[in-house]
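Breakdown of the fold
Next come the chains, spelled out residue by residue.
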Amino acid sequence: MAAVLRKLIQGRLPALAGVLCRRSGNEGHLFLNSSGSTLMQPRCGYSSPTESVIVEMDKATGVALLKLNIPPVNSLSLPLLTELAIVLDKLEMDKHCRGLILTSAVPNIFSAGLNLFDMMDKPNEHYSEFWRAVQEIWIKLYGSSLANIAAINGSSPAGGCLLALCSDYRIMANNPHFTIGLNETRLGIVAPFWYDILQWRVHHPPPCLHLFVMALVFRLHVHHPSAMTKVTRAYSTELKISVSYVKQPINWRSHEIYK
Ligand SMILES: CCCCCCCCCCCCC/C=C/C(=O)SCCNC(=O)CCNC(=O)[C@H](O)C(C)(C)COP(=O)(O)OP(=O)(O)OC[C@H]1O[C@@H](n2cnc3c(N)ncnc32)[C@H](O)[C@@H]1OP(=O)(O)O
């Protein structure tokens with residue numbers, strides 16, 4: 001099945017498909033359990049200097065698991081955003097890396113959004129630097145040539161939700177205690193205009209990414225390999241077409257929402 005997917009799609013997305021679809025063994029598989037914790041068997045690992053972003057690279061598949069690791073709530077502070085930017089740059093330049101999964105090492109929290117203390121009682125220069133770092137993460141994640149998925153294993157309000165929206169696809173743990181959404185509007189903080197493009201993508205996801213999620217569902221719940229092969233065959237044309245949709249350049253003025 002994974003072989004069929006690999007044949008159908010060229011480029012970097014197949015590596016992720018391999019992770020999601022592999023039939024035997026646990027290595028390289030991503031699991032989200034009901035408590036929202038993720039389990040992945042890494043082949044090797046390295047971390048950012050302060051370990052605020054833990055990176056576990058599966059060399060066999062070329063997929064990196066990135067875990068935000070700033071307790072208590074993974075708030076997106078200037079140091080965390082800076083470190084995340086460095087990690088994303090490194091992965092982008094790593095020719096063995098083909099995809100990434102963004103998740104959290106903090107139990108029950110994906111990210112509490114922008115660090116509120118970075119947005120108060122600071123000099124103007126700090127606000128400029130902070131906002132530049134926020135925009136940089138958006139550009140790096142959304143504009144990444146790597147296939148990327150957000151595994152939302154905890155609450156993810158405000159900027160946490162926006163961070164997840166930068167990924168190609170989102171999978172959230174099924175836990176009624178986990179919340180997600182743009183609660184910051186209650187504080188009078190409004191997401192910028194360029195956030196529209198993220199919303200647009202969520203409402204119009206590339207069809208092949210649907211297939212990856214279906215693959216995950218099959219792997220975890222059906223355990224019926226032949227079913228997936230049938231699905232892959234049925235969607236083969238759609239898959240080929242959909243490759244052209246993935247990783248569209250950032251050119252929101254050409255999107256229909258602006259027409
Ligand atoms: C963003 C990068 C990607 C780019 C995306 C592009 C899109 C465009 C970006 C533009 C973004 C603009 C809009 C975004 C704005 C924001 O993000 S503003 C931040 C708003 N966030 C919140 O309002 C979250 C508030 N927090 C909570 O709801 C809860 O804390 C929680 C996350 C659900 C966790 O609850 P719980 O486990 O009960 O923990 P608490 O006891 O509440 O908190 C523990 C300690 O953590 C501190 N804390 C919580 N949130 C933040 C925060 N955002 N910043 C800093 N600190 C935070 C909290 O005060 C507690 O501290 P102590 O009291 O000292 O223990």
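If you check an unreviewed UniProt entry, the protein appears there as Enoyl-CoA delta isomerase 1, mitochondrial from Eptatretus burgeri. Looking at the Subcellular location (unreviewed entry) heading of the UniProt record, one finds this comment for the protein: "Mitochondrion matrix".

**Section: the overall build of the protein**
For the protein, the count of helices and strands is nine helices and 11 strands. Relative to its 259 residues, the protein shows a buried fraction of 50%. The contacts in the protein between residues at least 6 apart in sequence include a share of 67% that link residues at least 24 apart. Working note: accessible area of the protein is about 12,800 Å², and carbon and sulfur atoms make up 58% of it.

**Quick notes on the packing of helix 3 (residues 78-93) against helix 4 (residues 124-142)**
Two numbers describe how helix 3 lies on helix 4: the axes approach to 9 Å, and their chain directions differ by 35°. Remark: the crossing between helix 3 and helix 4 carries left-handed chirality. Every residue of helix 4 that contacts helix 3 at Leu78, Leu81, Leu84, Ala85, Leu88 and Asp89 is listed here: His126, Glu129, Phe130, Ala133, Val134, Glu136, Ile137, Lys140 and Leu141. Of the residues contributing to the contact of helix 3 with helix 4, the split by class is 10 nonpolar, one polar and four charged.

**A word on the environment of valine 55**
By the element assignment, valine 55 lies in strand 4 (residues 53-58). Here valine 55 falls in the buried class, since its relative accessible area comes to 1%. C-alpha of valine 55 to C-alpha of valine 87: the two residues are 32 residues apart in sequence and 8.2 Å apart in space.

**Observations regarding the site of the ligand**
As a structural note, the neighbourhood of the ligand is formed by 27 residues, with Ala112, Leu114, Leu116, Gly159 and Asn183 the closest of them. Separating a nitrogen atom of the ligand from a backbone N or O atom of leucine 116 is a distance of 2.9 Å. Take glycine 159: an N or O atom from its main chain is 2.9 Å from an oxygen atom of the ligand. Look at the ligand: alone it shows 1,300 Å² of surface, and the protein chains cover 68% of it. Among the elements of the structure, helix 4 and helix 5 (159-165) are those that each provide at least two residues to the shell around the ligand. Of all the elements, helix 4 adds the most residues to the shell around the ligand, at four residues. A breakdown of the residues in the shell around the ligand according to their chemical character gives 21 nonpolar, five polar and one charged.

**As for the side chain of lysine 140**
You can see lysine 140 is positioned in helix 4. At a separation of 2.9 Å, a polar atom in the side chain of lysine 140 contacts the side chain of aspartate 89. Apart from the residues lying within four places of it in its own chain, the contact partners of lysine 140 are Ala85, Leu88 and Asp89.

**Notes on the nonpolar core**
Judged by nonpolar contacts, the single largest core of 39 residues is most densely connected at Leu66, Leu84, Leu91, Leu100, Leu102 and Leu163. Ranked by residue count, the leading element in this core is helix 3, at eight residues. With residues near it in sequence (within four places) discarded, leucine 163 still touches Leu68, Leu76, Leu84, Leu102, Phe110, Ile137 and Leu141.

**Brief notes about the pattern of salt bridges**
Within this structure, the stated rule accounts for three salt bridges. The partner of lysine 140 in a salt bridge is aspartate 89, and the shortest N-O contact between them spans 2.9 Å. Within this pair, whereas lysine 140 is found in helix 4, its partner aspartate 89 is found in helix 3, the two being separated by 51 residues in sequence. Judged by relative accessible area, which is 34%, aspartate 89 ranks as partly exposed. Here lysine 140 ties to glutamate 136 by a salt bridge, and the two come within 3.5 Å at their closest N and O atoms. With lysine 140 and glutamate 136 both in helix 4 and four residues apart, the pair spans about one turn of that helix. What makes glutamate 136 partly exposed here is its relative accessible area of 35%.

Procedures and definitions
- Residues numbered from 1 in each chain as written.
- Predicted model: local features only at pLDDT ≥ 70, side-chain atom pairs only at ≥ 80, totals over all residues.
- Heavy atoms only, no water.
- UniProt positions renumbered as here; feature names shortened; annotations may be inferred.
- Helix = DSSP H or I, 4+ residues; strand = E, 2+ residues; numbered from the N terminus.
- Buried < 20%, exposed > 50% of the residue type's maximum accessible area, 1.4 Å probe, protein only.
- Contact = heavy atoms within 4.5 Å.
- Areas by Shrake-Rupley, 256 points an atom, 1.4 Å probe, with all protein chains shown as cover.
- Axes fitted to C-alpha atoms, helices over the stretch in contact; angles between N-to-C directions.
- Left-handed = near helix turned anticlockwise from the far one by under 90°.
- Nonpolar A, V, L, I, M, F, W, Y, C, P; charged D, E, K, R; others polar.
- Near = heavy atom within 4 Å.
- Polar contact = N/O pair within 3.5 Å; in protein donor to acceptor, adjacent residues only side chain to side chain.
- Core = buried A, V, L, I, M, F, W, Y, C linked by side-chain atoms within 4.5 Å.
- Salt bridge = Lys/Arg side-chain N within 4 Å of Asp/Glu carboxyl O.

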